[in-house]
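So the chains spell out like this:
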Amino acid sequence: MYRCAMLALVAVFLAAPVWAIGPETSIRPAERQAEKGQVSLSQTDEGLAEWLVGFRARALAQGIHAATFDAALEGVSYDPAIIKRDRNQAEFTKAIWDYLDTAVSDLRIESGRKVLGTWHDTLSRIEAQYGVEKEVIVAIWGLESAFGTFRGNAPVINGLATLAYDARRAEFFEGELIHALRILQEGDTTLAQMRGSWAGAMGHTQFMPSSFAAHAVDFDGDGKRNIWEDDPRDALASTGAYLKHFGWIKGQPWGVEVRLPAGFDHTLADRDITKLPGNWGQMGIVPVTGGLSDDDGPASILLPGGAEGAAFMIFANFAVLEKYNTADAYVIGVGHLSDRIKGGKAIEHSWPRHLRALSKPERIELQERLTAAGFDTVKIDAKMGPLTINAVRRFQKAKGLVPDGFPSLSILDRLRAL
């Protein structure tokens, strides 16, 4: 019944999936981020077969049965298309406003409310057991697999074997492959059913095998932790267990949109600067809707679109969602979608839509030019994290610009002109 109902909604979700924004790599439900490089011409099926000989010994030493190994990896082949995707995945990123247009579209909100109704009793029990609001779990479900309609159809073992054989992130993916083999050995699913994304993320909420091993639960009581079937109960409960493990605080907001006062010191928009909501309020920072309580704990100010975009006061639950996916756009997408499913209002402030996101080569160039100009980004990795944002902010202050830390094309152009 669930599958039939959801197939009617397929057209809603043909827009960009979560991984289009290029979040950072970590051991979490979805393995996403990749760096650009070249595929080695020496990698072949023959080379993979040779690698499997050594890997078999390592797998058996970690408790994988010979029968499990041989059955799962019989006929596995090297897939150069996966390596090309891994190299080129993060070439471009979306601006946060473009991402949110898709992630929190009216149709996605409507569909989220429908599945919340369909699975209300199950989600209420999950919320009661794990202390994670049902709307948050539904929002993750929506962004990870379009509420189960796009769970991925790639053979997980073949993809992980290809990536483990590849030298770039061999250790990480070999570990994931061991976990995947152990899942098969323990009988949670079958080789034929173990399908997912090209990089190994699986099920309704896209768990990597290591995250499955650590956090998946048998919520429906059938003796298996099954996140692959049309029935989403185990997957949704596993997501609740995952967020609980990382410290989700029920009743605390992930963040709220706020209005900044005239003359706001943009250097205060820093994740390392936290104050109680009341203290921020004394500085003239007020929520767009509703009120704030010091009971929600310390918060910081986030400007994901720079000084021209919306401003948010973010709380500890923001960092918990980052354990699922580290991209600010993803976290705001989950948080805002959950709020809208619950009946909350759209983001009020406009976004600087005249700007575009920097490409990966441009992000690298920005870091290189900032460092060369004396504003060290510490790493040249194309990741616009706190180190680069702080370097941009120092450059902006030196040039008399608004120090919002936003890595825009205009900042890059100013650096090029030096």
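Residues numbered from 1 in each chain as written. Predicted model: local features only at pLDDT ≥ 70, side-chain atom pairs only at ≥ 80, totals over all residues. Heavy atoms only, no water.

## Points about the pairing of strand S3 (residues 255-259)
Phase 1 of the analysis: In terms of burial, S3 is largely enclosed, as four of its five residues are buried.
Phase 2 of the analysis: Relative to strand S6 (residues 311-314), S3 is paired through four bridges, and the arrangement is antiparallel. Residue pairing in the sheet places Glu 257 in a bridge with Phe 312 of S6.
Phase 3 of the analysis: One ladder, built from two bridges, connects S3 with strand S4 (residues 286-287); its direction is antiparallel. Across the sheet, Arg 259 pairs through a bridge with Val 286, a residue of S4. (Buried < 20%, exposed > 50% of the residue type's maximum accessible area, 1.4 Å probe, protein only. Helix = DSSP H or I, 4+ residues; strand = E, 2+ residues; numbered from the N terminus. Pairing = 2+ DSSP bridges.)

## Points about the pattern of salt bridges
Phase 1 of the analysis: Using the criterion set out here, one finds 19 salt bridges in the structure.
Phase 2 of the analysis: The partner of Asp 230 in a salt bridge is Arg 151, and the shortest N-O contact between them spans 2.8 Å. One end of the pair, Asp 230, is in the loop between helix H11 (209-215) and helix H12 (233-245); the other, Arg 151, is in the loop between helix H8 (134-145) and strand S1 (154-155), and 79 residues separate them in sequence.
Phase 3 of the analysis: For Asp 230, a relative accessible area of 33% puts it in the partly exposed group.
Phase 4 of the analysis: Notably, a salt bridge pairs Asp 413 with Arg 416, separated by 3.1 Å at the nearest N-O pair. Of this pair, Asp 413 and Arg 416 both sit in helix H18 (residues 409-416), separated by three residues, roughly a single helical turn. (Salt bridge = Lys/Arg side-chain N within 4 Å of Asp/Glu carboxyl O.)

## Brief notes about the packing of aromatic side chains
Phase 1 of the analysis: Applying the stated criterion to the full structure yields 15 aromatic pairs.
Phase 2 of the analysis: Note on Tyr 78 and Tyr 165: the rings are 5.7 Å apart at their centroids and 90° apart in plane angle, and the pair reads as edge-to-face. Taken together, the positions of Tyr 78 in the loop between helix H3 (66-73) and helix H4 (80-88) and Tyr 165 in helix H9 (residues 156-165) put the pair 87 residues apart, joining distant regions of the chain. The exposure classification of Tyr 78 matches that of Tyr 165, with both residues buried.
Phase 3 of the analysis: A centroid spacing of 4.9 Å and a plane angle of 50° characterise the contact between Tyr 242 and Phe 246, whose relative ring orientation is tilted. (Phe/Tyr/Trp six-rings, centres within 6.5 Å; stacked < 30°, edge-to-face > 60°.)

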